[in-house]
Amino acid sequence: MNAHERIGAAIAAANARGEPALVGYLTAGFPRRERFEADLRRIAAAADVIEIGVPFTDPMADGVTVQRSSRIALEQGVSLRWILQTLEAMSPPVTTPLLLMSYLNPLLAFGLEPLACAAERAAVAGLIVPDLPFDEGDALHQALSARGLALVQMVTPVTPEERLKRICERSRGFIYAVTATGTTGRNLSVPAEVTDYLDRVRRHAPVPVCAGFGIRGREQLERLRGHVDGVVIGSALVEVLEQGGDPAEWLRTLRGRAGV
Amino acid sequence: MSVNATDVLADLTAGRLPDAHGRFGPFGGRYVPETLIPALERLDAGVREHLHAAPFQREFAGELASWVGRPTALTFARRLSAEWGARIWLKREDLAHTGAHKINNAIGQALLARRLGARRIVAETGAGQHGVASAAACARLGLPCTVYMGSIDMERQAPNVGRMRLLGATVVAVTSGDRTLRAAIDEALRDWVSDPMGTYYLLGSAVGPHPYPYLVRELQAVIGREARAQFEQAEGRLPDAVMACVGGGSNAIGMFHAFVPDAGVEIIGVEAGGRGVALGGNAATLSFGRPGVLHGSYSMLLQDADGQIQETHSVSAGLDYPGVGPEHALLARIGRVRYESASDEEALEGVSALCRFEGILPALESAHALAGARRWARAHPGGTLVVCLSGRGDKDMPTLQKTLLAESA
């Protein structure tokens, strides 16, 4: 199985249990660099896919929580190179599929070919790059595809239909459906227009659809049930880690009982 | 990507850049969250439909003439020339309404925003000049305006904060990131991401995702067009050199654009050398940067080995920025424009000299170009030089109190 296919398989396995998949996010090295490996394992105990945030000085798509976690991680010397080395050295490795979420500039500084190579060695399944729209992504897409890694594409409620189709055709792993305009970390209400939008994305998507941005609790998850294959839990999970809570236990409280 | 200087210059001269993908050679492009793509597409379509069409051009020219006060003067700096040894002319953008070249772009984009049906305007500002210009243009057109400004800049450019508020703008202090221009742009982008279709982002420099670098250049190109014609009128020839300060690079690209095809005219951009060459001690992107992506475009960037953006330093808030417009990155790459830097100290000497010899208080930003002019004059006695005096220095009084005035007290 290719690395990117492991993502879809993990999401399908959750769906087979009658649950939307949980994609848990953590900023690498936040709140403390030396706890990264332990935090990752704790999240892996409850999440189906994990997004590891690579800290960046100018996270323009993120709200205050991820901005803060990013700054604190950078202050502790966390870098893409350190993250990849730490993942490669983990024994035993985490079996939950791992994605790196990074702004483009740290990836360019690393070099796209060396990145694909190092990501493969670190058992990373793919990347999400919030400031790399589909039209500018050819070079990274090619570097990752050559090693079977996913470049997860984002779509938004304002993405026109034709563009949505083209993005969906290109996406590997899953489609990251941004639920609302704005930055990460807000509290999303889930009106019918959001579920209609997600249904529309799902009609075009050859891979699973995961909703993200502003999903913080069980109630929202219930509203999204049946309209998505998974949900991304970002800022809310970062806050749990920040407050010293158990991320696995908290993620389990999100799980419902009924079928998808 | 390698670039052939001759071909690129031909493309630039023929108006073929940016290309259909918003690229100036390898530089430029559109690196923004997917949420902003439809808004940029709509802006791009609006630019193509209106910018060079007669109704918009008539409206824009009318505002430039009757409200901005164009054309601005080209002043022969008689005593400064005698002192420094070359014939120095000043393109007086400090005389434009609100005191800097920023107003050319602000009123132009505000007119465009109104045509595109924007409900509100957001802008970022460093020195406060673009914020003041945006606030004034929005007041003129009756559009609500929110300006993001770093908290450090609010302190060192305090007079401009009051001006923006008087002009009806909401000024939001940015306390995240480096608390200067760069963080203000991050925050303005976050605002825009929240309402990409109703909000118009009035970007103040020749940076950002396509079509901004192109749009800002086209709106500022009036500076160089006027200067070129005025100089020819006065001297019957073209100058030996033109010079402008470069932060993001909007006054510079506006000044340079008309002269790029004139092979005999040397073009020089002056960046902020700050306290010196050490990382974090300056904002001289083209001298010390490497290619990368920030704020939506691929250009030169002050960054560390991990691709993290560097803190910068300059005595002038308007130049205190780790990136530079993509067209400047290309002009530097092909060698058509030479970029050098001037230190904080040299800039302050420039302020002092222009005050004493010409009775003009220049902005600290523009004073970097004067520092470059002094160097050029020493090397080219008797040569002719046009300097873009991008703005006036009234806004810099808090900094000047702590520097030039503290020394003389």
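Residues numbered from 1 in each chain as written. Chains lettered and ligands numbered in written order. Predicted model: local features only at pLDDT ≥ 70, side-chain atom pairs only at ≥ 80, totals over all residues.

A. Highlighting the interface of chain A and chain B. Every contact between the two is made by 31 residues of chain A and, on the other side, 29 residues of chain B. Considering every element that reaches the side of chain A that touches chain B, the biggest residue donor is helix α5 (residues 104-110) of chain A, with five residues. Here the side of chain A that touches chain B is composed, by residue class, of 17 nonpolar, nine polar and five charged. (Contact = placed C-beta atoms within 7 Å. Helix = DSSP H or I, 4+ residues; strand = E, 2+ residues; numbered from the N terminus. Nonpolar A, V, L, I, M, F, W, Y, C, P; charged D, E, K, R; others polar.)

B. Molecular detail of the nonpolar core. By size, the foremost hydrophobic cluster in this structure holds 227 residues, and its most contacted members are Leu99(A), Cys210(A), Val231(A), Met243(B), Leu385(B) and Val387(B). Composition of this core by domain shows at least three residues from each of domain 1 (24-64 + 102-216) and domain 2 (69-99 + 221-408) of chain B. Excluding residues that lie within four positions of it along the chain, Met243(B) makes contacts with Ile268(B), Val270(B), Ala369(B), Gly372(B), Ala373(B), Trp376(B), Leu385(B), Val387(B) and Cys388(B). (Core = buried A, V, L, I, M, F, W, Y, C linked by C-beta atoms within 7 Å. Buried ≥ 20, exposed ≤ 12 C-beta atoms within 10 Å, placed from the backbone. Domains from an automatic or database assignment.)

C. The arrangement of the domain arrangement of chain B in detail. All names here are of chain B. Domain boundaries in chain B define domain 1 (24-64 + 102-216) and domain 2 (69-99 + 221-408). Between domain 1 and domain 2, the contact holds 39 residues from the first and 39 residues from the second. Listing elements by their share of the side of domain 1 that touches domain 2, those giving two or more residues are β2 (27-28), α5 (102-115), α6 (129-141), α7 (151-156), α8 (158-166), α9 (181-194) and α10 (212-220). When residues in the side of domain 1 that touches domain 2 are grouped by element, the largest group, four residues, is from α6. Of the residues that constitute the side of domain 1 that touches domain 2, the class distribution is 20 nonpolar, 14 polar and five charged.

D. Looking closely at the sheet that holds strand β9 (residues 241-245) of chain B. All names here are of chain B. With mixed pairing, six strands are arranged side by side in an open sheet as β3-β4-β14-β9-β10-β13. Each of the sheet's edge strands pairs with one partner strand only, and the pair in question is β3 (74-76) and β13 (337-343). Pairwise comparison of adjacent strand axes, ignoring direction, gives a mean angle of 25° for this sheet. Two elements, strand β10 (residues 266-274) and β13, share seven bridges in a ladder whose sense is parallel. Bridge pairing links Val-270 to Glu-340 in β13. Docked against the sheet, helix α16 (residues 364-379) engages β4 (87-92), β9, β10, β13 and β14 (384-389), running at close to 145° with respect to β9. (Pairing = 2+ DSSP bridges. Axes fitted to C-alpha atoms, helices over the stretch in contact; angles between N-to-C directions.)

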